[in-house]
There are 2 protein chains.
Amino acid sequence: MKMKLIATLLAAVLAVPLALAHEVVTSPDGHISVTAGVKGGKPFYQVTRDGEPIINTSYLGFELNTGSLKDGFKVVSRARSSKNETWTQVWGEDKDVVNHYNELRLGLKQSKGLKLRLDVVFRVFNDGVGFRYEFPKQAGLTDFQIMDELTQVAMPTDAQAWTQPTQGTNYYESLWTKAPLSQKPEVSTPITIEAGDSLYMVLHDANLTDYASLNYKPVHMAGAAVTLVASLTPWQNGVKVYATAPFVTPWRTCIITRKPGDLITSKLMLNLNEPCKIADTSWITCGKYVGIWWGMHMKDYTWAQGPKHGATTANTRRYIDFAARHGLKGVLVEGWNYGWDGDWTRDNKFSYTKAYPDYDFEGLQKYALSKGVSLIAHNETGGFAKTYEDQMEDAFSLYERMGIHAIKTGYVNRLMDMKEDQHSQYGIRHYRKVIEAAARHKIMVVNHEPAMPSGLCRTYPNLISGEGFRGQEWNAWSNDGGNPPYHICILPFTRGLAGTMDFTPGIFNFTNKAVPKTHPQTTLAKQLAEYVLIYTPWQMAADEIENYEGQPAFQFIEDVPTNFERTLVLNAKIGNYLTIARKDRESDNWYIGSATDENPRDLELSLNFLDAGKQYKAMIYADGPGADYRTNPYPITFTTQQVRQGDVIKVHLAPSGGAAIEIVPVLPVANK
Amino acid sequence: MKMKLIATLLAAVLAVPLALAHEVVTSPDGHISVTAGVKGGKPFYQVTRDGEPIINTSYLGFELNTGSLKDGFKVVSRARSSKNETWTQVWGEDKDVVNHYNELRLGLKQSKGLKLRLDVVFRVFNDGVGFRYEFPKQAGLTDFQIMDELTQVAMPTDAQAWTQPTQGTNYYESLWTKAPLSQKPEVSTPITIEAGDSLYMVLHDANLTDYASLNYKPVHMAGAAVTLVASLTPWQNGVKVYATAPFVTPWRTCIITRKPGDLITSKLMLNLNEPCKIADTSWITCGKYVGIWWGMHMKDYTWAQGPKHGATTANTRRYIDFAARHGLKGVLVEGWNYGWDGDWTRDNKFSYTKAYPDYDFEGLQKYALSKGVSLIAHNETGGFAKTYEDQMEDAFSLYERMGIHAIKTGYVNRLMDMKEDQHSQYGIRHYRKVIEAAARHKIMVVNHEPAMPSGLCRTYPNLISGEGFRGQEWNAWSNDGGNPPYHICILPFTRGLAGTMDFTPGIFNFTNKAVPKTHPQTTLAKQLAEYVLIYTPWQMAADEIENYEGQPAFQFIEDVPTNFERTLVLNAKIGNYLTIARKDRESDNWYIGSATDENPRDLELSLNFLDAGKQYKAMIYADGPGADYRTNPYPITFTTQQVRQGDVIKVHLAPSGGAAIEIVPVLPVANK
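Residues numbered from 1 in each chain as written. Chains lettered and ligands numbered in written order. Predicted model: local features only at pLDDT ≥ 70, side-chain atom pairs only at ≥ 80, totals over all residues. Heavy atoms only, no water.

Student: Explain the overall build of chain A residue by residue, including any values.
Tutor: Helices and strands together make up the secondary structure of chain A, namely twelve helices and 36 strands. On C-alpha atoms alone, chain A measures out to a radius of gyration of 26 Å, which is about the 26 Å that the 2.2 N^0.38 rule sets for 672 residues. Scored against the burial criterion, the 672 residues of chain A give a buried share of 64%. Across chain A, the fraction of contacts at a sequence separation of at least 24, relative to all contacts at a separation of at least 6, is 69%. Here chain A displays about 23300 Å² of accessible surface, and carbon together with sulfur accounts for 52% of that area. (Helix = DSSP H or I, 4+ residues; strand = E, 2+ residues; numbered from the N terminus. Rg over C-alpha atoms; globule rule 2.2 N^0.38 Å. Buried < 20%, exposed > 50% of the residue type's maximum accessible area, 1.4 Å probe, protein only. Contact = heavy atoms within 4.5 Å. Areas by Shrake-Rupley, 256 points an atom, 1.4 Å probe, with all protein chains shown as cover.)

As structure tokens, this is what we get:
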């Protein structure tokens, strides 16, 4: 009785409004609340879930070239709105996306200093929060420079987080590591935080448009265990962003879920991007492709012309024939165009229209089309963005005329145009230019060495995939043995939340002739599982085609679709294991992928998602007897079983093993 | 010392020439000897191996319509010859065949009775013996009737034998059973005898031409444990053979080996047939095919026209598309032609040129050819041989014009033309007529409900395959649950020694909607093993194509060839297990099939046959965890491993399980 009284008093004390102007906006389901306003003249927000603080009081603001935009503020307006809509993805992990949020717009004005107006807009979803700054057009603010964004995320606890360091992550290709936030250096987003058994948060930015990439630096401040302070990737002169009012920043996002799997199915990132700007999307397709590429890493071929040139007419025809035979729709050919000779990261002589003399570009594309296949044009820039922009219209016009609707771009160089960081506003502007130009020419883009995706594929669904993580290629040439076993159990919870990943799975030959100690640190079955676990609308079968000949496991690659109706996470522990089930968008088939880290694991997969009363056939590819990524990755077991809703499939995953399952309805035999 | 003396005396007694005229002819390697001559006026032969009797004194002769041709003989001439040649098979299990034998021709003449001359010709090979009777043209012998052939095979021991009873074996489709010879009823040939750990014998006939099929009846006679006496399949009037001098009988054959596997690689049967009579064999091909057929057994389709008609244009196009997509060269369509309506085993109204209205015969063949596929025309006769012979020229001319080079014939009826046994001289004459007519029109024949093969495919390599055993179809409709687990471990040692088998393996869906308790009594891996264990130059993938969709194990069916350079039996115990390795004729690839009976088994396969110094990749399909023909036939494990000459592959076979292995040389990646 006494305890209850104290608790009630305490609640009453906490409920007393603080001496500040603030507003509360709550998620549609009422669980998540954002309190935002001004405290001592400084804009702030805080986030609670069911009353518990998730983000403590965190301040907002900027340093501009003309002065501070961080204090002296009053709340001058408040506007609330709500949205509950369902929109359809051109392609994706789920066909229909629910966009349901409550919005609060706070109008702030400095009563001293620059005396500028600044709006902050919060959108609170059932699975998280996004906010952005808007600089209204106003007297005293035309062209301006953001010297620093001061956004904070004040964490109540020093939670464990999966991050990549900002420094040293050219192309965002570091390993993701887990440690308490306070022990982190400056890190790039996304940041995946495990703040307890039932609190998972991912910090990132959405709709990164004409701005700098967002990073966070952990610092110790009063009022929080650790405070993450925004740190934008700068121009070389130190400016973060060149802006002209009116101006809006990208959204600062925080996905908030109780289960790690719910991070993967969150659509918050997409919902905080603009609707599709491409009127006719009929040319945007999904599929799978092979490529003349892994052979370069294996030293069978060279990118440059010469006796071992990979991109020859005859070799490409072999790849086209293979693709046609196996129902794959694309053939990527790297090294087809002039510019690879010499040091292409310095020489800046790439042509995007002129093929090497031993490569019949137009003839090959005609041949490919005659077989229901298309070339995917490879455009390595060596980071020379201006050169690429100069040729872009000509090249894209040529590709469009030839019926080539997909390119893979690359930016292998520490700096863009030898001067600016790829992730600075300079780089972001270039990448956007490419996407928009490609859209005009009906070309899909797979962007290697990209900007970190931010959900932009909603607006430009021709931005189909990208890199920005350690892909399969590290299993070819890295001097650290390859991606570690836990890699695939982390990526979907980290980089995968930013956007689709061109991981290029499907290495079937684990012997690396070029760098013997390096190879995929997985079993063969786990290579198959990656086709479900890692989403992209165009999925590569990355190995040299010789290594697929006679391989029954290739059937799964033939069968697995790349466009889905619905995605479910069946189980997940970040860094340890993960199982995803996806329903094909074109049929009633389901596809399941499971993967584990270096530890073997037995999983029970409950098929509660199948249609009631329907009979299905499950075709299960699992690690076979003796499979182990260290000693013998090859054994793979294939089992067929009849299943119904509610049945359980038991799978054994080997050390760094996996399972891939195709579930198809049992239909009467087609008659006539 | 005393014992030795007695033995020596005994040997001396036995060595005393008996009071008869006889000759000895020995195999080229000297191990097998045939002694033949006349004893008390009766022609006889006996066989020893390394001095041990294998066949005791066995008498020869005939009852003719005019009298006996079994005694009163003297040896009037003796001729010896030898042959050592190597000939090449148009297709087969081994490309080159060594034909090496010593021959003895005994001229016999009756000094009383009919006073006729009769020659007996013996050929002794390293792996057995063949002999035949020749009736010279002579006074007193023009047209004659053989009322009984009196050939004996006198067995020194009452050995175990695998046989099919003559009675009740319509179409030779009884189960093969093992028992001592003395306990057998009259049995058809081949007869496979296990006369101890190192003596295996197979009795049969070779070059069955214008004669009756050979059966043997075990009787007890002095001088042997059990004596097999020839019993020819008669005409309904009791006559066995209508003959005109000069006349030769088929060869009576006895393969003799020390190991069961050597039975399988014996070429004695082929060597006792005439060389190829087809001058241009370029149109005789090898391949694999699918068919609209299993669906009828599953009650998805009907042979006759109607709402569930299987042989429709649309359905056939699906099968053609499937075949083209998977590199199969043939599509068999049953029920395409008029005559299936009503009781086709009585109505006798089949047309072999007129298609049902919903089947565009010519259009489909054009479509098939455009995709590198061809129809295989199905010709069910219902046993009405005369009707078939009447239409044969027209039909074969049509097929030839359309580019159809293969037919499958059928004779489902207890009697041919409602009157004569299929295996009588009447039937044998008809089957030969079909093969010869087909050869003239460049058509290959797969003969269901056939004559028991006798190696005739050497002479007419367009006789590519046949039935004459319990094929896969028994797993569809038999009321005894299907072929037992040991079935595949017997067939290659019994029926398989007579000729190629159109077993139609490859059932992937073990659920039988039509006869639920009946289904293949094997695992899925064993279905694959059958593609190696059961030889035929045109191998079917028998299941409905829907059941192959998404099945990685189908890769083995795509890959396994049907024409081989060389065949080895790696291990064998008749009725228990069997492993065969075959080298592709078109590449350096090897294919291995292993199967076991109802008992699980671990086998070690020594790869001594691989080329020295070469690196190979072995792709192993084996029974997966929990695989068991009784409970779950589906689990299959696929493993890749690098192998070299002398390496050992260990495989675990589930109850009624199997393994299928493809071994390919590891080659440098193709460049340009």
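Student: Give a detailed account of the pattern of salt bridges, specifying residues and quantitative values.
Tutor: This structure, assessed with the given rule, holds 64 salt bridges over all chains. Note that aspartate 50 of chain B is salt-bridged to arginine 258 of chain B, the shortest N-O span being 2.6 Å. You can see aspartate 50 of chain B sitting in the loop between strand E3 (42–49) and strand E4 (52–59) and its partner arginine 258 of chain B sitting in the loop between strand E21 (251–257) and helix H2 (260–265), a full 208 residues away along the chain. Residue class for aspartate 50 of chain B comes out partly exposed when judged on its relative accessible area of 45%. The residue aspartate 347 of chain B makes a salt bridge to lysine 349 of chain B at a minimum N-O spacing of 3.8 Å. When its relative accessible area of 36% is taken as the criterion, aspartate 347 of chain B is described as partly exposed. Each of Arg105, Asp119, Arg132 and Glu134 of chain A takes part in salt bridges that share partners, so that together they form one network. (Salt bridge = Lys/Arg side-chain N within 4 Å of Asp/Glu carboxyl O.)

Student: Explain the sheet that holds strand E6 (residues 67–69) of chain A to me, using residue names and the numbers behind them.
Tutor: Residues and elements named next belong to chain A. On the basis of which strands lie adjacent, the open sheet formed by four strands has the order E6-E5-E11-E19 and antiparallel pairing. Strand pairing shows two members of the sheet lacking a second neighbour, E6 and strand E19 (241–244), which therefore form its edges. For this sheet, the mean inter-axis angle between neighbouring strands, taken without regard to orientation, is 35°. Relative to E6, strand E5 (residues 62–64) is paired through three bridges, and the arrangement is antiparallel. In the sheet register, leucine 64 faces E6, and the bridge partner there is glycine 67. (Pairing = 2+ DSSP bridges. Axes fitted to C-alpha atoms, helices over the stretch in contact; angles between N-to-C directions.)

Student: Tell me about the interface of chain A and chain B, residues and numbers included.
Tutor: At the junction of the two partners, chain A supplies 40 residues and chain B supplies 40 residues. Taken together, the two surfaces of chain A and chain B that pack against each other cover about 3100 Å², and 53% of this comes from carbon and sulfur. At the boundary of chain A and chain B, one finds three residue pairs in polar contact (both at pLDDT 80 or more). Mapped by element, the contributors of at least two residues to the side of chain A that touches chain B are helix H5 (313–325), helix H12 (554–559), strand E33 (616–623) and strand E34 (636–643) of chain A. The dominant element in the side of chain A that touches chain B, judged by the number of residues it contributes, is E34 of chain A, at five residues. Across the side of chain A that touches chain B, the residue classes break down as 14 nonpolar, 14 polar and twelve charged. Pairing between E34 of chain A and strand E34 (residues 636–643) of chain B: three bridges, direction antiparallel. Across the sheet, isoleucine 636 of chain A pairs through a bridge with phenylalanine 638 of chain B, a residue of E34 of chain B. (Buried area = accessible area lost by both parts, 1.4 Å probe. Polar contact = N/O pair within 3.5 Å; in protein donor to acceptor, adjacent residues only side chain to side chain. Nonpolar A, V, L, I, M, F, W, Y, C, P; charged D, E, K, R; others polar.)

Student: So, the packing of helix H7 (residues 361–370) of chain A against helix H8 (residues 385–402) of chain A: which residues are in play, and what are the values?
Tutor: Residues and elements named next belong to chain A. One can describe the packing of H7 onto H8 by two numbers: an axis separation of 10 Å at closest approach and a directional angle of 35°. Of the residues in H8, those touching H7 at Phe361, Glu362, Gln365 and Leu369 are Leu398, Tyr399, Arg401 and Met402. Per-class residue counts for the contact of H7 with H8 are five nonpolar, one polar and two charged.

Student: Kindly report on unusual backbone geometry, identifying the contributing residues and their values.
Tutor: Cis geometry is adopted by the peptide bond preceding proline 246 of chain A, which originates at alanine 245 of chain A and carries an omega value of -5°. If you trace the backbone, proline 246 of chain A turns up in the loop between E19 and strand E20 (247–248). Here the bond from threonine 189 of chain B into proline 190 of chain B is cis, since omega is 0°, no more than 30 degrees from zero. With respect to the helices and strands, proline 190 of chain B occurs in strand E15 (residues 187–194). At aspartate 417 of chain A, a position not held by glycine, the phi torsion is positive, near 50°. We note that lysine 442 of chain A has phi near 60°; this positive angle belongs to a residue other than glycine. Given the relative accessible area of 31%, lysine 442 of chain A is considered partly exposed.

Student: Mind laying out the relation of the copies chain A and chain B, listing which residues take part and the relevant values?
Tutor: For these two chains of identical sequence, chain A goes onto chain B by a turn of 179° and a shift of 0.1 Å along the axis, with RMSD 0.1 Å. Those values place the two copies in the arrangement expected of a two-fold rotation axis. Residue threonine 637 of chain A, judged by its C-alpha, is the member of chain A lying nearest the rotation axis, at 1.9 Å. Most of the interface of chain A is mirrored in chain B, where 100% of its interface residues are also at the interface. (Least-squares fit on C-alpha atoms with pLDDT ≥ 70 in both.)

Student: Describe helix H8 (residues 385–402) of chain B, with residues and values.
Tutor: Owing to its 3.6 residues per turn, the α-helix aligns residues three or four sequence positions apart on the same side. Residues and elements named next belong to chain B. With 18 residues, H8 extends 24 Å between its outermost C-alpha atoms, agreeing within 8% with the 26 Å of an ideal straight helix rising 1.5 Å per residue. Where H8 is concerned, the buried positions are Ala385, Thr387, Tyr388, Glu389, Gln391, Met392, Ala395, Phe396, Leu398, Tyr399 and Met402. Of the residues trailing H8, glycine 403 is marked for its positive phi of about 85°. (Expected span 1.5 Å × (residues − 1).)

Student: Residue-level account of the sheet that holds strand E19 (residues 241–244) of chain B, with values.
Tutor: Residues and elements named next belong to chain B. The strand order across the open sheet formed by four strands is E6-E5-E11-E19, and the pairing between neighbours is antiparallel. Among the strands making up the open sheet, the edge pair consists of strand E6 (67–69) and E19. The mean angle between the axes of side-by-side strands here comes to 35°, regardless of whether they run parallel or antiparallel.

Student: Describe helix H5 (residues 313–325) of chain B, listing the residues and the values that go with them.
Tutor: All names here are of chain B. Between its terminal C-alpha atoms H5 stretches 18 Å, which fits the 18 Å expected from 13 residues at 1.5 Å a residue. Taken together, the buried positions of H5 are Asn315, Thr316, Tyr319, Ile320, Phe322 and Ala323. Down the axis of H5, the buried set is contained in an arc of 160°. They therefore lie on one face. Those residues of H5 hidden inside the fold are in contact with strand E22 (287–292), strand E23 (330–333), helix H7 (361–370), strand E24 (374–380) and helix H12 (554–559). (Arc of directions from axis to C-beta.)

Student: I'd like a description of the packing of H5 of chain A against H7 of chain A, backed by residues and values.
Tutor: Residues and elements named next belong to chain A. Axis separation between H5 and H7 bottoms out at 10 Å; the angle between their running directions is 15°. Considering their axes alone, H5 and H7 lie roughly parallel with respect to each other. Classified by chirality, the crossing of H7 by H5 is right-handed. Counted together, Thr313, Thr316, Arg317, Ile320 and Asp321 of H5 and Leu364, Tyr367 and Ala368 of H7 form the full contact between these two elements. Looking at side-chain class alone, the contact of H5 with H7 contains four nonpolar, two polar and two charged residues. (Parallel < 35°, antiparallel > 145°, perpendicular 65-115°, else oblique. Left-handed = near helix turned anticlockwise from the far one by under 90°.)

Student: Kindly report on the environment of isoleucine 557 of chain A, identifying the contributing residues and their values.
Tutor: All names here are of chain A. Structurally, isoleucine 557 is set in helix H12. Isoleucine 557 sits in the buried class, given a relative accessible area of 0%. Here the alpha-carbon distance between isoleucine 557 and threonine 381, two residues 176 residues apart in the chain, equals 30 Å.

In short, geometric facts, not functional conclusions.
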